[in-house]
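# Fold and geometry: a report
As a plain string of letters, each chain reads:
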Amino acid sequence: MKSRQIVRAIAGVLLCAAGLWLALPTPYRERTFLIDAAGCRLETTIVEKQEGGSQGSVLLFHGISANKKIMSYLAAGFAEQGLRGYVPDLPGHGRTPGPFSPARAEQCGEALLRELLARGMIDPGRTILAGHSMGGAIAERIASRVPVAGLIAISPAPMRAAHGVTAEKLLFSDPPMLPPHSLVMIGSLELESMRGNATDLAASRSDGTVKYVEIPGASHVSVLFNRSVVRASQQWSAQLLHLPPARALPSHRPLAGALIGFIGILLIAGPFLREAAGKNGSEEIAATGTVIGLPRLFLEFAAASLLIVLLLRFWIPLKAIGLFQGDYLASFLLLFGVLLVVVHWSCVRAALWSSPRRLLAAGFAGIVVLLLATVWFDLTFYEAWLTGAKWMRFPLLLIVLLPYLIAEETLLGPVRPGKRARRLALALSLRLIAWGALVAGVLILHNGEILMGLLSPYMAVFNLIQRSGMDMVRTETDSAATALFGAILQTGFCLVIFPLT
């Protein structure tokens, strides 16, 4: 290993150690239980301050494609008030098994509330329901039926077709009356459709018991870690439950630790991939420029993407894979990949053969990187470790994603000296065309696959990291076996973010 790579690996290890030091110590008492409520077995974390007793309770619901771990900062804010937070993984998310649907998530959330009330674990007069996005809508709907002290809805998912939100994009289409003593918060950087619906929601009750707050500089996700959101929540809780003002805000140390450690993992990944995938001869494939011109390549991707999106309007072949709207993305990539393989079979056929050593190296590297990333996020930021039900889906989804990545690697060709950045830009541009077609399906065809839009920022970050890693493996192996490495990472990512149905 070159000295530069050794320095990089050491720096990565040190950053991981610093991240653990920042992220893991906590001044809060956290206990996790599997609570059976009317047939819903919800893994639920109870968060409270280590010293002193509880002065009330908060039942906190996460949003779609999220889990209880990512709600830790908000839960800690309530704990600073002396409140006990109950934070469940809704069905199909985190550690709670599926099936997921918005209706079942609401049903299980209400069942959990009623179970806690029946056991005497919470007092309805001293309990607040809170939630973010889908969880905010669920909290509102439950609070309209079960009397509690109040409601905090953070960036609640719209339940009315207004402000550009069409009916098929709604998770819930029968909005209840906003209960009294409700706080509605929204980030100023969120979509106008979200802000408009939140404003209408707060204005729907004119008895003076509702408060609306717009958080400056906050997006749909950053509100979960925004001090102003926590401070407003603490003030509202103190007002409803007659508590003294909160003395402190939770620290951002865990978030900083999670990010620092992840940077460390990326630094470690470079030297590891070079060692794991080490060169063994050369397997030259024709460069893209000698196979197909760029204008034609872009046109092919645009036409094929739009054609497949139109087809998926009527038929989603991978419904049985059991991922909420992930079945749509998997079907898109399978059909797109097969089409590319068929059209460019003469090129792909030459790339399909790879030595067992290269395949083994690419597969090993992919599994190790996936495990490192999921373990790290699971420890610090987001429940990313794959459950048994998700691992059961892993082989099929891996096979489904391979055709597209094999075709992509073939069309991109080998990594030429001095051309790596250009190759990466080309790959990301092609993926952007495909993703644009998926989003067009949501906005123009109204196919209802809203996660294609909501997850776009995370997909962009993942694609950048995945493609960079794939280019590194390709540089070391000169082999299209790199597609296996990329497919392993993409399979794991999809299984982490899409709820199980």
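Look up: the structure comes first, before these words.
Residues numbered from 1 in each chain as written. Predicted model: local features only at pLDDT ≥ 70, side-chain atom pairs only at ≥ 80, totals over all residues. Heavy atoms only, no water.

## Looking at the overall build of the chain
The number of helices and strands found in the chain is 17 helices and eight strands. What you see for the chain is a C-alpha radius of gyration of 24 Å, in line with the 23 Å of a compact globule of 501 residues. The C-alpha extent of the chain, read off along each of the three principal axes, is 70 × 50 × 40 Å. Relative to its 501 residues, the chain shows a buried fraction of 57%. Expressed as a percentage of contacts within the chain between residues at least 6 apart in sequence, the contacts between residues at least 24 apart total 77%. In the form shown here, the chain has an accessible surface area of approximately 20,400 Å², with 66% of it arising from carbon and sulfur atoms. Of the charged side chains in the chain, 44 are positive and 32 negative, and the gap between their average positions amounts to 6 Å. (Helix = DSSP H or I, 4+ residues; strand = E, 2+ residues; numbered from the N terminus. Rg over C-alpha atoms; globule rule 2.2 N^0.38 Å. Buried < 20%, exposed > 50% of the residue type's maximum accessible area, 1.4 Å probe, protein only. Contact = heavy atoms within 4.5 Å. Areas by Shrake-Rupley, 256 points an atom, 1.4 Å probe, with all protein chains shown as cover. Lys, Arg positive; Asp, Glu negative; His and termini not counted. Charge placed at Lys NZ, Arg CZ, Asp CG, Glu CD.)

## With respect to the pattern of salt bridges
Scanning all chains against the criterion turns up 26 salt bridges. Between Glu106 and Arg141 there is a salt bridge, with its nearest N and O atoms 2.9 Å apart. You can see Glu106 sitting in helix H3 (residues 102-118) and its partner Arg141 sitting in helix H4 (residues 134-143), a full 35 residues away along the chain. Among the residues examined, Arg141 registers a relative accessible area of 6% and is labelled buried. For Arg467, the salt bridge is made with Glu409, and the minimal N-O distance between the two is 2.7 Å. Here Arg467 is found in helix H16 (residues 456-477), whereas its partner Glu409 is found in helix H13 (residues 388-412), with 58 residues between them in sequence. Residue classification places Arg467 among the buried residues on the basis of a relative accessible area of 0%. Looking at Glu409, the relative accessible area reads 0%, which means it is buried. Three or more residues are tied together by salt bridges with common partners; here these are Glu408, Glu409, Arg423, Arg431, Arg467, Asp471 and Arg474. (Salt bridge = Lys/Arg side-chain N within 4 Å of Asp/Glu carboxyl O.)

## Concerning the state of the cysteines
For the structure on display, the rule yields one disulfide. Between Cys40 and Cys108 runs a disulfide, and the two sulfur atoms are separated by 2.1 Å. Because the torsion about its S-S bond is -70 degrees, the bridge between Cys40 and Cys108 counts as left-handed. Taken together, the positions of Cys40 in strand E2 (residues 40-49) and Cys108 in helix H3 put the pair 68 residues apart, joining distant regions of the chain. Summarising the burial analysis for this pair, Cys40 and Cys108 share the class buried. (Disulfide = S-S within 2.5 Å.)

## Focus: the packing of helix H1 (residues 3-23) against helix H12 (residues 356-380)
Taken N-terminus to C-terminus, the directions of H1 and H12 make an angle of 25 degrees; their axes are 10 Å apart at the nearest point. As the angle between them shows, H1 and H12 are arranged roughly parallel. Residue-level contacts link Cys16, Gly19, Leu20 and Ala23 of H1 to Trp376, Leu379 and Thr380 of H12. For the contact of H1 with H12, the residue count by class is five nonpolar, two polar and no charged. (Axes fitted to C-alpha atoms, helices over the stretch in contact; angles between N-to-C directions. Parallel < 35°, antiparallel > 145°, perpendicular 65-115°, else oblique. Nonpolar A, V, L, I, M, F, W, Y, C, P; charged D, E, K, R; others polar.)

## A look at the environment of Leu411
Position of Leu411 among the secondary structure elements: in helix H13. The buried category is assigned to Leu411, whose relative accessible area is 3%. Taking the C-alpha atoms as reference points, Leu411 and Ala427, 16 residues apart in sequence, are found 9.4 Å from one another.

## What about the side chain of Glu408?
Relative to the helices and strands, Glu408 is located in helix H13. Side chain to side chain, Glu408 and Arg431 meet in a polar contact 2.9 Å long. (Polar contact = N/O pair within 3.5 Å; in protein donor to acceptor, adjacent residues only side chain to side chain.)

## Notes on the packing of aromatic side chains
Where two aromatic rings form a pair, the distance of their centres and the angle of their planes describe that pair. Taken as a whole and judged by the stated rule, the model has twelve aromatic pairs. Consider the rings of Phe100 and Phe324, whose centres lie 4.9 Å apart with planes at 85 degrees: the pair is edge-to-face. Taken as a pair, Phe100 in the loop between strand E4 (84-88) and H3 and Phe324 in the loop between helix H9 (294-312) and helix H10 (326-343) lie far apart in primary sequence, 224 residues in all. This pair shows no difference in class: Phe100 is buried, exactly as Phe324 is. Between the aromatic rings of Trp391 and Phe394, the centroid separation amounts to 5.2 Å while the plane-to-plane angle is 40 degrees, which identifies the pairing as tilted. Of the two residues, Trp391 and Phe394 are both situated in helix H13; the distance of three residues between them amounts to about one turn of the helix. (Phe/Tyr/Trp six-rings, centres within 6.5 Å; stacked < 30°, edge-to-face > 60°.)

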